[in-house]
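# Chains, contacts and geometry: an overview
Listed here are the chains, written in short residue letters.
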Amino acid sequence: MRRRILQATLLAVAVTAVVLGLPLGFSALKLVQDITVNDLSTRAQQIATRLDEQIAAQSPVDLAAVRLAVPDGARLIVRTQGHDYAYGPDPGEEPLVESVPMVQSGTVTLAAPSGPVRTQQIQVAGLVLLLVVLSAGTGMIVASVTARRLSDPLRHVAARAARLGAGDFRADPQRHQVPELDRVADALDASGAALSQLVQRERELVGDVSHQLRSRLTALHLRLETLAATNDPDVAEDAGAALEQAERLSGVLDDLLAAATAARARDAAPLDISTLLCDVAAEWREPLKAEGRTLRVKVEEELLARVTPTRLRETIGVLLDNALRHGEGTVTLAARQGGGTVVVEVSDAGTGVPDELVPYVFDRGFSGHGSTGVGLALARALVEADGGRLELSQARPAMFEVFLPVARADDVLGLPWKSEPTPR
């Protein structure tokens, strides 16, 4: 996009330079020659007038009286009825010649060398060319600045749309003072909020259905096992068959839930999350600093987990935002490997979560501080979508831990260990 804008602007500048430069150059060259010719004509007219006065007074023609009117290097030729007079050096090849008639039956001719005129024309042409080059250079600078100012917002909006499609539903406060692009950014923020609610509702529905089905299947198992233990052979046989079908149904339910989880985690890949966590920390240093607080980062190197970058970025962003809004003191972002998982910890030095609120912090719509109650619920849903887990490991002071699956050895083979920074 930037290259197209730059090319279009430069083409317009080039066309303008050609359309204006060529006529301007031709006019300048013509003007220099016309000025020289008009000067020769004026001088020749003055000389003719002076010589007419001499002839009218019946005096001999004296060219010395008019030599001051002859330009340097020019040749004066006077033709009368009885004699021809000449004054000045030979003007060379292709001179500029201007003749005027005399009243006393004669002509006055001035022949000036063309070299000085051509030199002036070359100088004027160079000046015109310099102006065209300066105009083109200025146009190129303006085109570059304009292309950057237009393409950078477009790239930012495109990156925001890509993050939204990958599961990063955070609102982006950046605006570009371009009404059309700002409306697109507003629409993307609204879509992100709607999608986050949709994802959470889907997770809740799947969880509720799974819970209800498992509860009913458990009750059915217990009932069928009781019937299978009866002394009546027919009843026991039917109960055993029904128990077998219930077990198959339970297996099908497990397979469906596993398939749904795998489908949600299809974008998860082995990733060195150290760089990603440092990038997220860099985003949150300034907001915390504005509140007079600091962010401490303790992240081990080469922490390889199987995760979706945008989901992890969204999750850590929610936890840091929660620490900023509801916590106090220094916020700590730590990451380590242990127990077959990669553990990411976000904690602060505040008063923490009251004991009576601990069981509800991940419930959608619940908030003890007047917020929307969506962030932590969404963060847990995103982590679980990648096969991980989000827990409140410590209530006072608050510490949240994200448990991510470690990438398997066969996943790592042939893949880069370092992650590329995700777009912001």
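Because the structure is a prediction, the values reported are computed rather than measured. (Residues numbered from 1 in each chain as written. Predicted model: local features only at pLDDT ≥ 70, side-chain atom pairs only at ≥ 80, totals over all residues. Heavy atoms only, no water.)

## Things to note about the packing of helix α5 (residues 273-290) against helix α6 (residues 309-326)
The following threshold applies: Every axis corresponds to a line fitted to the C-alpha atoms, with the helix fit spanning only the stretch in contact, and the corresponding angles, defined between N-to-C directions, vary from 0 to 180 degrees. Each helix corresponds to a stretch of at least 4 residues labelled H or I by DSSP, and each strand to a stretch of at least 2 residues labelled E; elements are numbered beginning at the N terminus. Each crossing is labelled by how the near helix is turned from the far one, with a counterclockwise turn of less than a right angle marking it left-handed and a clockwise turn marking it right-handed. Every residue pair with non-hydrogen atoms within 4.5 Å of one another is taken to be in contact. As a working rule, the residues Ala, Val, Leu, Ile, Met, Phe, Trp, Tyr, Cys and Pro are called nonpolar, Asp, Glu, Lys and Arg charged, and the rest polar, with Gly in that last group.
Their axes nearest at 10 Å, the elements α5 and α6 cross at an angle of 35 degrees. Along this stretch, α5 crosses α6, giving a crossing that reads as right-handed. Residue-level inspection shows I273, L276, L277, D279, V280, E283, W284, P287 and L288 of α5 in contact with α6, the latter providing P309, L312, R313, I316, G317, L320, D321 and L324. Looking at the contact of α5 with α6 residue by residue, the class counts come to 12 nonpolar, 1 polar and 4 charged.

## Quick notes on the side chain of T36
Our working rule: In this scheme, a residue with accessible area under 20% of its type's maximum is buried, one over 50% is exposed, and one in between is partly exposed, where area comes from a 1.4 Å probe on protein chains only.
Topologically, T36 is positioned in helix α1 (residues 2-56). The class for T36 is buried, based on a relative accessible area of 17%. The residues contacting T36, other than those within four sequence positions of it, are L96 and V117.

## So, the sheet that holds strand β2 (residues 84-87)
Inclusion rule: Paired strands are those between which DSSP finds at least two bridges.
Strand order in the open sheet made by the 4 strands is β2-β1-β4-β3, with antiparallel pairing throughout. Either end of the sheet is taken by a strand with one partner, and the two such strands are β2 and β3 (96-102). Averaged over all adjacent pairs, the angle separating strand axes in this sheet is 15 degrees, with direction ignored.

## Points about the nonpolar core
Worth spelling out the cut-off: Among buried residues, the Ala, Val, Leu, Ile, Met, Phe, Trp, Tyr and Cys ones that are joined through side-chain atoms within 4.5 Å form a nonpolar core.
In terms of nonpolar packing, the biggest core is built from 36 residues, with I273, I316, V344 and L404 touching the most fellow members. Elements supplying a minimum of two residues to this core: α5, β7 (304-307), α6, β8 (331-338), β9 (341-347), α7 (375-385), β10 (389-394) and β11 (399-405). Examining the composition of this core, we find that 7 residues originate from one element, α5, more than from any other. If we ignore the near neighbours within four places in the chain, the residues touching I273 are L303, A305, V307, L312, V342, V344 and L404. In terms of nonpolar packing, the next biggest core, distinct from the first, is built from 21 residues, L40, V78, L96 and V100 among them.

## Side note on the UniProt feature "transmembrane region" (unreviewed entry) in the protein
Selection rule: UniProt positions are given in the numbering used here, feature names are shortened, and annotations may be inferred rather than shown by experiment.
UniProt records the feature "transmembrane region" (unreviewed entry) for residues 124-145 in the present numbering. The span residues 124-145 carries 100% helix and 0% strand; its end-to-end C-alpha distance comes to 32 Å.

## A look at a nonpolar patch on the surface
How we decide: The patches reported here contain residues having more than 30% relative accessible area and no salt bridge. Joining distances are 9 Å for like charges and 5 Å for nonpolar side chains (Val, Leu, Ile, Met, Phe, Trp, Tyr). Each accessible area value is a Shrake-Rupley result obtained with a 1.4 Å probe; residue values ignore everything except the protein chains displayed when judging cover. Between Lys or Arg on one side and Asp or Glu on the other, a salt bridge is scored when a side-chain nitrogen of the former is within 4 Å of a carboxyl oxygen of the latter.
A surface patch of nonpolar side chains, amounting to about 390 Å² of accessible area, comprises L11, V15, V19 and L20. Of note, V19 is situated in helix α1. Classification of V19 as exposed rests on a relative accessible area of 52%.

## Quick word on a negative patch on the surface
Inclusion rule: Charge assignment: positive for Lys and Arg, negative for Asp and Glu; neither His nor the chain ends contribute. In plain terms, the charge of a residue is placed at NZ if it is Lys, CZ if Arg, CG if Asp and CD if Glu.
Together, D232, D234, E237 and D238 make up a negatively charged patch on the protein surface. You can see D238 is positioned in helix α4 (residues 233-264).

## Observations concerning the pattern of salt bridges
Going through the model one piece at a time under the given rule, you end up with 11 salt bridges. Close ionic contact of D186 with R175 constitutes a salt bridge, the shortest N to O distance being 2.7 Å. One end of the pair, D186, is in helix α3 (residues 179-228); the other, R175, is in the loop between α2 (115-165) and α3, and 11 residues separate them in sequence. Assessed through its relative accessible area of 27%, R175 is described here as partly exposed. Residue R336 pairs with E401 through a salt bridge whose shortest N-O separation is 3.7 Å. Of this pair, R336 sits in strand β8 while E401 sits in strand β11, and the two are 65 residues apart along the sequence. By relative accessible area, E401 is classed as buried at 10%.

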